[in-house]
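Structure at a glance
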Amino acid sequence: MPCLESMELGSATFRPSPAAGAEESFRRETVTAPPMARSIGWFFSPLWGPRSEARRRRFGDGMKSGQVEAWLDDHSDFTRAYFLRRAAAVSGPQAEMSPQLPRLPRSSSDHSDLLTRAHHRRASSSLTGSHLNIASLTDRLRPLSSNLSAPEWLDRSSPDVLGCHSPCSPRSSRFSFSPCHPLSPVCPCSPDLPHSPQPLRPSAAKAAACGHGECCPWMMELLRGGLSWMGSVAELCQGAVLHAGELLSAEGSSLSLVKKDSSGRSTLEEVIPPTAFGCLSEGNLCSHAHLELVKGIMGCVLATGSPMNLRDVSEDPQFNLDEEQSSKIRTVLSVPIKNHRAEVVGVAVMINKRNGCDGSASVFTNMDEKVLSNHMDVLGLVLDNVQLYESSRQEAKRSQALIEMAQVLSKEHRSFEVLLSKMAATIMPFTHAQYCTIFIPGEQPSVVEDEVSFSRVIHLECEELGSTCQIYRRERNISDIDPSYALRTLVAMDTLNMSVSSEESMKSLICCPVRNERSEDVIAVCQLMNKRSKDSDQMEAFNRYDERLLEDLAVYCGLALQYAQAVQITEERRASIEVTQEVLAYHITAAEEEIQALQEATIPSAESLLLLDFDFSDFGLPEDLTTQATIRMFLDLSLVQDFNMDYKSLCQWVLTVRRGYRNSVPYHNWSHALSTAQSMFAMLMATEQLQTIFSRLEILALMIATLSHDLDHRGVSNSYIERSQQPLAQLYGHSSLENHHYNLCLFILNNQGSQILSGLSAEDHRAVLHMIKRAILATDLTVYMERRKEFFSLTKKSRVSWKSEKQRDLLRSMLMTASDLSAITKPWPEQKRIANLVAMEFFAQGDKEREEFKIKPIDIMNRENSTRLPYMQVEYIDDICYPLYKTVSRLFGSCSPLLNGCKKNRENWLHLTEEAEEKNSENGRSLTLETHKSIEDETQREE
């Protein structure tokens, strides 16, 4: 790979001997090869420099270059050890003997220093055309740091696109280099190579020139990580073309890189236009005919992936040239630029080899092809890494832009236009766009006489202020902005990227549709215009990264629109809910006269109202006495005094809770709520142990929960609500009715004038609401069936400690269920009346299920089973009620009236069952009676 020319070492000049035989030919080829590079030149030599003639002959005799290479690959450990010994051997005064080898600064890398010192023994190394696989060596070496000065064609003051820490190490070490054959022995006009041109001598201001015992400085800089000063890919390619053109004595050159369009098709994009080096003028070289010829040659190389060396373009049948073309372009050498994956990433062209010393026409030789190919291989490797690094930087910029846009989106905005403006202002600095316009179509965008119906536009302008930029939102009318490109994007629903160049300026534009992710409709068009170059004030085209960034912005704009619409809908629904709550509060709140009447009424005692009796029934009790009975329970439990309740607020709260129940529901109405609260009150008053176990706050929560546990009951079960997909099921998911009861309870407690908990501290207020919710949710029989096993197991212990909040919560839940089911413990007439009300409610739900869902209801809700009501009541007592009351009575003996009432009612229902069975067939009667007797026997055994 090193650039090879005639070389001199000190004052000694090596010339070949015409009379030498085969061995001398081998020796001549060996001694005329230029010395390897100080640091990495030995990578490109297939053989080592032997220390003696004998060793050189032994090494070369009978071995071909392929065998040597294979042996080196198979003995990588020996190869590395050998080079380490050779590097140590050449260190010392010999390293400074040659005046032609300027000393490089000592690198901090051990490998770089080692290879620099090893260079002085390479003068006698043999050089062949075989490819040396250096994977086993480079895998063991760290990337080499660069200490060489930058070539002249690079401007260190240019902006650092790649960053100050961008090593140019190859992405993969598995690659091969083709070492260059020697171009000539010594004299450029040697008879051994008649058409060898006189090489151009580099100026003294340059770094070490090619030849003269030095490796190519351009290659050295790239391969040793000297990318920190590189300005752009164009500058990198320009340096490669200039260096290769000077090295090959070409009169002109050109370079194009591969670009893939959206369909994946590869095309060549001109990076370095045809440039003249010598007598060939720019005008002749850049004519349209010559440009088409160069493009055609590059296209052939891109298609085949192989070099093309045209020694006489006019005679090539692939190209039909006129006399003017053939006189200007005679020879052409074009090679592909490949990356480490052997993919063609570009094409380089050298035009017209300069004439030799004797005036004879020169052609590009096979050695020129190899030299150019090696240089382009290095360029392809570096370009691949540069593009990879640039891609990573672009992705980092994109990620930063997306994060900033997400932050903008996450903040609260009162206007959709303001939100879009902030997002557009976020992306403009990343794309260097001068203008950003967002076109928002009307409700039904249409095209009438080439005019598009846009409802409004959001227009932003970017003003450069030194290293920063300022974004301004300009008020612009739709008529002042050209909507044609936005219209094309709106119709095509695809991104539009275009640039128009003129002699004076360049206009670049990119449009992207903004879609609604749900409907896929185009809801807006975002347009960026006039991309500024970051190095100058000139305009340039938007690239693929800009497209991706704008498409990302379009996605965020779509999300922003959905967010704005969701916020608007939420605000509207919130306002609607507030209005609904105002209406509900007005209708649910008792009239002022009713509140005043209850407030001024004399509340009867608990004894006179039979509130302490477990047989209490409100049947036939006047409605005003039901509310007074509720007030009495709160007074006798000292809840009004202990929690500083406003008496008027308590009266309004009780009346509002009563109005919260539906009178049209047969069973789950205010009467059931009062009966449930009275059962809890009776248990608390009859059992001093319960008032010791529970705190005052817990007792308050239990009384509020019992009165509110069925607020706004609809006379149907949770299963019906879920099956019919009512809003309650969508709102809560599980225990829909119980959650609804609690939320309505909370609404009444917060209603103006009904705030009986206003005297509590914030902590107590949160605690009591939590206990109320837990107590109301516990009335769901599904929850009861899940938790009762734990409760039964707990009560079997000899002594239960109720200090644990978890155990007290379990006890509160069980007492809530015991109060809720207490109708089964009432005297027989009351129990029979309530059972008929329950059956009426259940049968009504069964009728709805049969009509709406076309299904057969369960037995307890099937009207066809109305004659089996006594039997179902016995099952209900045995499965649900009896085990609970038996456990509660075991814990608290004062609650035994509940268990006794349950037993008596079971006997009565069982008697009715026997009477019903006598009317049936003998088989049915014996089966049913046997079942009931077994249940009764089991109950007696448990007792």
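Residues numbered from 1 in each chain as written. Predicted model: local features only at pLDDT ≥ 70, side-chain atom pairs only at ≥ 80, totals over all residues. Heavy atoms only, no water.

**Structural notes on the overall build of the protein**
- Tallying secondary structure elements over the protein gives 32 helices and 16 strands in all.
- By residue count, 49% of the 943 residues in the protein fall in the buried class.
- For the protein, contacts bridging at least 24 residues in sequence account for 71% of all contacts bridging at least 6.
- A total accessible area of about 45200 Å² is found for the protein, and carbon and sulfur atoms account for 50% of it. (Helix = DSSP H or I, 4+ residues; strand = E, 2+ residues; numbered from the N terminus. Buried < 20%, exposed > 50% of the residue type's maximum accessible area, 1.4 Å probe, protein only. Contact = heavy atoms within 4.5 Å. Areas by Shrake-Rupley, 256 points an atom, 1.4 Å probe, with all protein chains shown as cover.)

**Here we look at the sheet that holds strand E6 (residues 332-338)**
- The sheet built from five strands is open, its strands ordered E4-E3-E7-E6-E5 with antiparallel pairing. Each end of this open sheet is capped by a strand with a single partner; those strands are strand E4 (266-276) and strand E5 (308-310). Put simply, the sheet's adjacent strands are angled 15° from each other on average, direction ignored.
- Where E5 lies against E6, three bridges are found, and the strand directions are antiparallel. (Pairing = 2+ DSSP bridges. Axes fitted to C-alpha atoms, helices over the stretch in contact; angles between N-to-C directions.)

**Notes on the pattern of salt bridges**
- Within this structure, the stated rule accounts for 31 salt bridges.
- Connected through salt bridges with shared partners, the residues Glu698, Arg774, Arg787, Glu805, Arg808, Asp809 and Arg812 form a single ionic network. (Salt bridge = Lys/Arg side-chain N within 4 Å of Asp/Glu carboxyl O.)

**Re the nonpolar core**
- Residues Phe634, Trp653, Leu700, Met703, Ile704 and Ile772 are the most contacted members of the largest nonpolar core, which totals 95 residues.
- Core analysis: the second largest hydrophobic core is formed by 37 residues, Cys436, Leu460, Leu528 and Leu549 among them. (Core = buried A, V, L, I, M, F, W, Y, C linked by side-chain atoms within 4.5 Å.)

**A short note on the pairing of E6**
- Among the seven residues in E6, six count as buried, and that is most of the element.
- Bridge count between E6 and strand E7 (residues 344-353): seven bridges; the pairing is antiparallel. Bridge pairing links Val332 to Ile351 in E7.
- The turn linking E6 back onto E7 is made up of five residues, and Ala342 within it adopts a positive phi angle of 65°.

**Re the packing of aromatic side chains**
- Under the defined criterion, the tally for this structure stands at five aromatic pairs.
- Note on Phe791 and Phe792: the rings are 6.2 Å apart at their centroids and 50° apart in plane angle, and the pair reads as tilted.
- Phe792 sits in the buried class, given a relative accessible area of 16%. (Phe/Tyr/Trp six-rings, centres within 6.5 Å; stacked < 30°, edge-to-face > 60°.)

**Topic: the side chain of Asn739**
- Within the fold, Asn739 resides in helix H25 (residues 736-750).
- In this structure Asn739 comes out as buried when scored by relative accessible area, which is 11%.
- For Asn739, the contacting residues outside a window of four places in its chain are Tyr732, His734, Lys773 and Leu777.

**Comments concerning the environment of Asp494**
- Locating Asp494 in the fold gives a position in the loop between helix H14 (484-492) and strand E13 (496-501).
- When residues no more than four places from it in sequence are discounted, the contact partners of Asp494 are Thr489, Cys511, Pro513 and Arg515.

**Points about the packing of helix H22 (residues 696-708) against helix H28 (residues 805-820)**
- Their axes nearest at 11 Å, the elements H22 and H28 cross at an angle of 30°. Compared by their axis directions, H22 and H28 come out roughly parallel. The element H22 and its partner H28 pack so that their crossing is right-handed. Between H22 and H28, the contacting residues are Glu698, Leu702, Ala705 and Thr706 on the first element and Glu805, Arg808, Arg812 and Met816 on the second.
- Taken together, the residues that form the contact of H22 with H28 break down as three nonpolar, one polar and four charged. (Parallel < 35°, antiparallel > 145°, perpendicular 65-115°, else oblique. Left-handed = near helix turned anticlockwise from the far one by under 90°. Nonpolar A, V, L, I, M, F, W, Y, C, P; charged D, E, K, R; others polar.)

**Looking at the pairing of strand E14 (residues 506-515)**
- With seven of ten residues buried, E14 lies mostly within the body of the structure.
- Relative to E14, E13 runs antiparallel, the two sharing six bridges. Following the sheet pairing, Ser501 is matched in E14 by Met506.
- Note that E14 and strand E15 (residues 522-532) share seven bridges and pair antiparallel. Within the sheet, the bridge partner assigned to Pro513 lies in E15 and is Val525.

**Looking at the confidence of the model for the protein**
- Of the residues in the protein, 67% reach a pLDDT of 70 or more, and the chain-wide mean stands at 75.
- Between residues 1-61, whose pLDDT stays under 50, and residues either more than four places distant or in other chains, the model counts 156 contacts.
- Within the model, pLDDT remains below 50 along residues 90-209, and this stretch shows 298 contacts once partners closer than five positions in the same chain are excluded. (pLDDT = per-residue confidence, 0-100.)

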